[in-house]
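Tertiary structure, described
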Amino acid sequence: MIRSQLKKALDDCFDQGVAEGLWTAAAAEKFTVELPKHEGQGDFSTNFALVLAGIEKKNPRELAQAIAKKLTNHTELIDDVEIAGPGFVNVFINPEVWHRLIPEIINKGAAFGKSDIGCGRKVMVEFVSANPTGPLSIGHGRQAILGDSIARLLEATGHDVYREYYYNDAGRQMRVLGESTRARYLELLGEEFTFPEDGYQGEYIVDISRSLIDEKGDSLKDHADVTPFKEQAERHIFKDISSTLERMGIIFDNFYNEHSLYEKGLIDDVVAELRAKGYVYEQDDAVWFKTTAFGQEQDRVIIKSSGEPTYRLPDMAYHREKFRRNFDWLVNILGSDHIATVPDVLAGVKALGYDPDKVTVVLHQFVTLTRDGKQVKMSTRKANFVTVDELLDEVGVDPVRFFFMMRKADSQMEFDLELATKKSQDNPVYYVQYGHARLCAILRQAAEKGFAEPKFDLAESVLLKEPEELRLLKAMSTFPSSIEGSALELAPHKFIFYLMELAGQLHSYYNKHKVITDDIPLSRARLCMIKALQVVLKNGLEMVGLTAPTSM
RNA sequence: GCGCCAGUAGCUCAGCUGGAUAGAGCAACGGACUUCUAAUCCGUAGGUCGCAGGUUCGAAUCCUGCCUGGCGUACCA
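The following paragraphs examine the structure supplied in this document. Because the structure is a prediction, the values reported are computed rather than measured.

Quick word on the environment of Asp357
Here Asp357 lies in the loop between helix H13 (341-351) and strand E12 (359-364). Residue Asp357 is classed as exposed on the basis of its relative accessible area of 67%. Along the chain, Asp357 and Leu330 lie 27 residues apart, while their C-alpha atoms are 9.3 Å from each other.

Some remarks on the pairing of strand E11 (residues 329-335)
Most of E11 sits inside the fold, with 7 of its 7 residues counted as buried. In E11, alternate side chains face the same way, and those of Trp329, Val331, Ile333 and Gly335 on one face and Leu330, Asn332 and Leu334 on the other are all buried. Two elements, strand E5 (residues 122-126) and E11, share 4 bridges in a ladder whose sense is parallel. If you follow Val125 over to E11, its bridge partner there is Val331. As judged from the 6 bridges shared by E11 and E12, these two strands associate in the parallel manner. Within the sheet, the bridge partner assigned to Asn332 lies in E12 and is Val361. What joins E11 to E12 is H13, and the crossover it makes is right-handed.

A few points about the packing of helix H20 (residues 479-488) against helix H21 (residues 492-512)
Direction vectors running N to C along H20 and H21 enclose 155°, while the axes themselves pass 7 Å from each other. Relative to H21, the element H20 is oriented roughly antiparallel. The handedness of the crossing between H20 and H21 is right-handed. Counted together, Phe479, Ser482, Ile483 and Ser486 of H20 and Pro492, Lys494, Phe495 and Tyr498 of H21 form the full contact between these two elements. Along the lines of polarity and charge, the residues of the contact of H20 with H21 split into 5 nonpolar, 2 polar and 1 charged.

Looking at the protein's contact with RNA strand B
Taken together, 59 residues are adjacent to RNA strand B, and Lys304, Arg407, Asp410, Tyr431 and Tyr434 come closest. Among all atoms of RNA strand B positioned within 4 Å of the protein, those belonging to sugar or phosphate total 65%. The contact in question runs from a base nitrogen of RNA strand B to an N or O atom on the side chain of Ser45, over 2.6 Å. Ser336 has a polar backbone atom sitting 3.0 Å from a sugar or linking oxygen of RNA strand B. For the surface near RNA strand B, the elements supplying multiple residues, two or more each, are strand E4 (88-93), strand E10 (300-303), strand E15 (413-416), helix H17 (428-448) and H21. Across the surface near RNA strand B, the residue classes break down as 22 nonpolar, 23 polar and 14 charged.

Section: the pairing of strand E9 (residues 286-289)
Burial along E9 is two-sided: Ala286 and Trp288 facing one way and Val287 and Phe289 facing the other are all buried. Between strand E8 (residues 280-283) and E9, which pair antiparallel in sequence order, lie 2 residues; one of them, Asp284, sits at a positive phi of approximately 50°. With 3 bridges connecting them, E9 and E10 associate as antiparallel partners. Paired with Trp288 across the strands is Val301, a residue of E10.

Notes on the sheet that holds E12
Read from one edge of the open sheet, 5 strands run E7-E6-E5-E11-E12, paired in parallel fashion. Strands at the two margins of the open sheet, each flanked by one partner only, are strand E7 (254-257) and E12. Adjacent strand axes in the sheet meet at a mean angle of 25° when their direction is disregarded.

Observations concerning the pattern of salt bridges
Throughout the structure, instances matching the rule amount to 31 salt bridges. Its salt-bridge partner being Asp12, residue Lys8 comes within 3.8 Å of it at the nearest N-O pair. Within this pair, Lys8 and its partner Asp12 are both found in helix H1 (residues 2-19), separated by 4 residues, close to a single helical turn. Note that Arg247 is salt-bridged to Asp389, the shortest N-O span being 2.8 Å. With Arg247 in helix H9 (residues 227-247) and Asp389 in helix H14 (residues 388-395), this pair connects stretches of sequence that are 142 residues apart. The partly exposed category is assigned to Arg247, whose relative accessible area is 35%. Relative accessible area serves as the criterion here: at 21%, Asp389 is assigned to the partly exposed category. Residues joined in a network through salt bridges with shared partners are Asp148, Arg152, Glu155, Arg163 and Arg401.

The rules behind the values
- Residues numbered from 1 in each chain as written.
- Chains lettered and ligands numbered in written order.
- Predicted model: local features only at pLDDT ≥ 70, side-chain atom pairs only at ≥ 80, totals over all residues.
- Heavy atoms only, no water.
- Helix = DSSP H or I, 4+ residues; strand = E, 2+ residues; numbered from the N terminus.
- Buried < 20%, exposed > 50% of the residue type's maximum accessible area, 1.4 Å probe, protein only.
- Pairing = 2+ DSSP bridges.
- Right-handed = clockwise from strand over helix to strand, strands pointing away.
- Axes fitted to C-alpha atoms, helices over the stretch in contact; angles between N-to-C directions.
- Parallel < 35°, antiparallel > 145°, perpendicular 65-115°, else oblique.
- Left-handed = near helix turned anticlockwise from the far one by under 90°.
- Contact = heavy atoms within 4.5 Å.
- Nonpolar A, V, L, I, M, F, W, Y, C, P; charged D, E, K, R; others polar.
- Near = heavy atom within 4 Å.
- Polar contact = N/O pair within 3.5 Å; in protein donor to acceptor, adjacent residues only side chain to side chain.
- Salt bridge = Lys/Arg side-chain N within 4 Å of Asp/Glu carboxyl O.

Honestly, that's just the spatial picture; any functional story needs more than this.
The structure is reproduced here in structure tokens:
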């Protein structure tokens with residue numbers, strides 16, 4: 001927010017320069033205000049002169065002189081301006097500007113950091129969407145946390161967020177699941193059985209079969225239809241998945257069953273509509289969708305010669321329903337193995353008359369699991385995977401959330417089981433949480449020593465002049481824009497890095513300066529800042545679904 | 001073959017809509033608890049930013065080519 005004040009001041013100076021004929025308006029909106037990387041380069045820096053020099057063919061240092069002179073007039077905001085390097089203009093902010101942040105943060109409390117830039121836009125975040133064939137694996141865990149934290153960041157920035165889980169309980173996979181369950185059922189009863197060749201081998205199937213025996217005895221042993229086995233498995237697995245999600249603090253607004261699209265005739269509708277628009281044709285007994293009309297290399301089958309639709313068709317119908325349900329923005333979180341579906345669905349959306357630009361796909365790469373330094377191959381079928389539940393048991397909810405959030409979605413990540421389990425103390429989540437706990441300890445201590453509730457006093461706050469203090473205040477000032485940036489880019493890891501940076505500055509400060517001392521006015525001023533910082537850390541942690549412990 | 005993602009310190013990763021001297025954590029080494037919580041801090045060491053060209057005042061970042069890994073490239077989902 002201070003940055004945008006500065007940008008405004010800079011724009012004013014730019015306009016003045018245009019009016020005075022120092023330069024033309026050609027460079028408007030091309031220059032930026034940045035945070036310098038190194039100490040001593042000001043609180044902010046602008047490339048104004050460098051950008052202008054390129055366009056106006058003038059000497060950058062001279063342009064920098066001119067703009068610097070104008071900027072120094074803004075004394076309420078700016079303390080000092082200097083020119084450096086090839087023509088950077090470094091701006092030193094009036095410390096009072098930082099000090100005034102403190103009451104603002106304290107007064108806003110839990111609302112500090114929230115914004116309404118989303119303008120109440122209705123956004124659906126679709127994620128997890130795992131079919132109920134087994135417990136959630138680590139890969140699903142990544143997606144669950146990624147989707148949920150994106151949803152939370154969007155909520156914090158004024159979006160009207162709806163979390164949806166899309167699943168398919170029909171199809172081949174589920175049939176195999178039912179057959180696997182039946183095989184185990186017969187095995188448990190001591191009957192003859194044949195396990196499906198590509199069946200699900202996890203131990204959970206045995207548990208499900210056992211529950212079926214508890215409920216129905218051996219009455220199903222001659223049952224030809226696989227349905228009761230499939231339904232029992234689905235019920236159990238969904239119960240499992242739901243409780244895993246709940247443990248992680250993830251609550252969906254809706255579970256959308258693919259099958260309902262068939263029941264409502266929406267699949268046929270889509271085919272009819274595409275056919276009417278001339279995007280569909282028959283060949284080799286199959287029905288094809290002309291994806292080449294939307295820039296793709298080849299057309300795609302939407303109904304197989306067997307009469308069964310391919311995954312593309314219900315996906316298109318589902319997305320049409322999303323649009324019909326009046327969402328303004330559709331965010332889909334997908335694993336990279338689903339990348340091929342994206343262009344097809346977007347082509348379908350376009351063909352059906354909706355705007356594909358309203359769909360944003362966040363692809364995340366795989367999680368590779370290592371144990372004893374060796375990679376573990378994961379497969380639901382083979383059941384040699386680690387489930388999210390197991391992970392939660394070992395390391396706890398906060399570290400699991402944090403760990404998945406701190407990696408950007410589109411790079412493969414390595415999940416070192418040894419590190420996550422044995423050395424959970426080293427998990428950076430504690431670094432941030434410990435910071436919050438420390439702040440709470442200071443505030444408790446202050447109360448015990450008779451300090452009143454921190455109350456801001458501008459006259460006292462000028463005592464906050466240590467570089468570490470100004471740096472902390474500066475970091476706090478970027479909290480709202482960090483959330484906004486992270487939310488709009490759908491990149492939770494950026495916000496996590498902000499939190500770690502902020503916590504790091506706090507820990508340094510803590511070790512160097514004592515808050516509560518015999519100097520009462522200074523202590524009061526510092527306590528105000530500590531209170532503000534505690535608000536920021538608490539808001540930050542809770543905004544992405546982490547707890548903010550008051551002691552550790 | 002084609003498409004997408006990635007290749008940055010010993011390891012795990014940030015930085016990538018061009019900016020000044022490329023960062024953090026872990027591991028290594030050396031320090032700091034009579035002190036508001038040492039789950040912390042301070043310091044040292046560690047780099048041809050995969051390779052080669054190009055674009056320009058300026059490239060880890062943009063463009064081209066190549067190399068390596070992952071995922072796709074189904075009438076599987």
